[in-house]
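Each chain, letter by letter, is given below.
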Amino acid sequence: MQLRKRRGSAPSTADPVQALNQTWSKYAREWADRPDLNLGTQVLGEEWGGPEFAARIIHEVAAPYLGDVDVLELGCGGGKFSAHLRERTRHLTCADISSDMLARTRAHVGEGPDVRYLQLTGRNFNDVADASIDFIYSYDVLLHLQPQNVFSYLLDARRILRPGGVILIHAINLASPGGSYHFEVQFVQDTWSRPFDDPHRLGHIYYMSEDQLGALAQLGRYSMHQVVKDWPAADDPMWPVTSGRDIFGFLRREPSLKEVEGVRVVKTPDERLFALADGRRREFKMREIFDQAGYTDADLEPIDAGELDAIPEDQPVSRWEL
Ligand SMILES: C[S@@+](CC[C@H](N)C(=O)[O-])C[C@H]1O[C@@H](n2cnc3c(N)ncnc32)[C@H](O)[C@@H]1O
């Protein structure tokens, strides 16, 4: 099967990506004047869990990835995390699909040489330089995107992350008390069958479990560096905010085959193809991926099954890492 990319499609509100831009921008424009949206909070986004909850995520969950590093916040919204991130990083890029959201973040976080505001197309990290970011922080954003859109960000994150860089994917686990409750509420509200640009569809969740997150990571050549799924703990006063539904997946960018020195490519008697790199074997599951990597039959060395089996197995070579 040939994988084709759609090209040249003009953005419209029928486009699920642009529909989110439209509905979140409307939310941002109306937020200050609508008590039913702002719930009396000071910063857009604090209505979802409160300011202390936001501060604790940064200080307790994201802290190991902050410090003397360059950080990009994906989907900064009104900036309730951004102000904390700015205090704890060398440089912060606040990025969002919505210019109205970015305006709110800018008003909350302010200007300076250590902070930048960037409107995204919603599919990738357009206008972010290659290998310029150490950590991509994102909370309550990617779970609103179709898994393929999460993957489009993951792939482009490979480009902007420095070697060993990490992207945080925050997901909601359906198999948790908070996840099941959320599912029920959205089912009753019928969010799933509304048009993408219907304001009542806003906040619709695509649930993702830890193993699904792991599968996406593997396809994009990331390792699961850390998974946090017990924060806040069940005896924490803040547990009811999420009731165990949050999964924080910290995915570390693994080098692509091209970035590893001394790679050998081998063929078994039954015609399976492998790359031997860093003392491990990685299978080319399809001939097409071997070809895309720039190898030819002339590069292949024969290997017998016994010798191959003695080499520890690593992730298959992904078409996306090449
Ligand atoms: C629920 S809000 C969360 C905002 C902030 N992270 C917070 O927790 O307060 C979701 C945000 O994601 C942004 N967003 C939606 N789709 C996006 C996309 N494809 N790319 C980047 N940002 C997107 C929206 O504009 C909105 O600001």
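Residues numbered from 1 in each chain as written. Predicted model: local features only at pLDDT ≥ 70, side-chain atom pairs only at ≥ 80, totals over all residues.

Let's talk about the site of the ligand
With respect to spatial proximity, 22 residues lie near the ligand, and among them W24, G45, G75, G77 and G122 are the closest. Here the element with the most residues in the shell around the ligand is helix α1 (residues 16–30); it accounts for three residues. Tallied by class, residues from the shell around the ligand come to 11 nonpolar, eight polar and three charged. (Near = placed C-beta within 6 Å. Helix = DSSP H or I, 4+ residues; strand = E, 2+ residues; numbered from the N terminus. Nonpolar A, V, L, I, M, F, W, Y, C, P; charged D, E, K, R; others polar.)

Describing the domain arrangement of the chain
Here the chain is partitioned into domain 1 (16–254) and domain 2 (258–321). Centre-to-centre, using C-alpha coordinates, domain 1 lies 36 Å away from domain 2. The interface is formed by five residues belonging to domain 1 together with four residues belonging to domain 2. Taken together, the residues that form the side of domain 1 that touches domain 2 break down as two nonpolar, two polar and one charged. (Domains from an automatic or database assignment. Contact = placed C-beta atoms within 7 Å.)

Overview of the nonpolar core
With 61 residues, the main nonpolar core has I136 and I167 as its most contacted residues. Residues within four places of I167 in sequence aside, it is in contact with I136, L154, A157, L161 and L251. In this structure, F274, A275, F284 and V317 belong to the second largest nonpolar core, which totals 10 residues. (Core = buried A, V, L, I, M, F, W, Y, C linked by C-beta atoms within 7 Å. Buried ≥ 20, exposed ≤ 12 C-beta atoms within 10 Å, placed from the backbone.)

Some remarks on the sheet that holds strand β4 (residues 133–137)
Taking strand neighbours across the sheet as the criterion, the seven strands line up as β3-β2-β1-β4-β5-β7-β6 in an open arrangement whose pairing is mixed. At either margin of the open sheet sits one strand with a lone partner, and together these are β3 (115–119) and β6 (222–228). Averaged over all neighbouring strand pairs, the angle between strand axes comes to 20 degrees, with direction disregarded. Of the strand pairs in this sheet, β4 and strand β5 (residues 161–172) are connected by three bridges, and their pairing is parallel. Within β5, the position partnered with I133 by the bridge is L161. Seen against the sheet, helix α8 (residues 210–219) touches β5, β6 and β7 (246–253) and runs at an angle of roughly 155 degrees to β6. (Pairing = 2+ DSSP bridges. Axes fitted to C-alpha atoms, helices over the stretch in contact; angles between N-to-C directions.)

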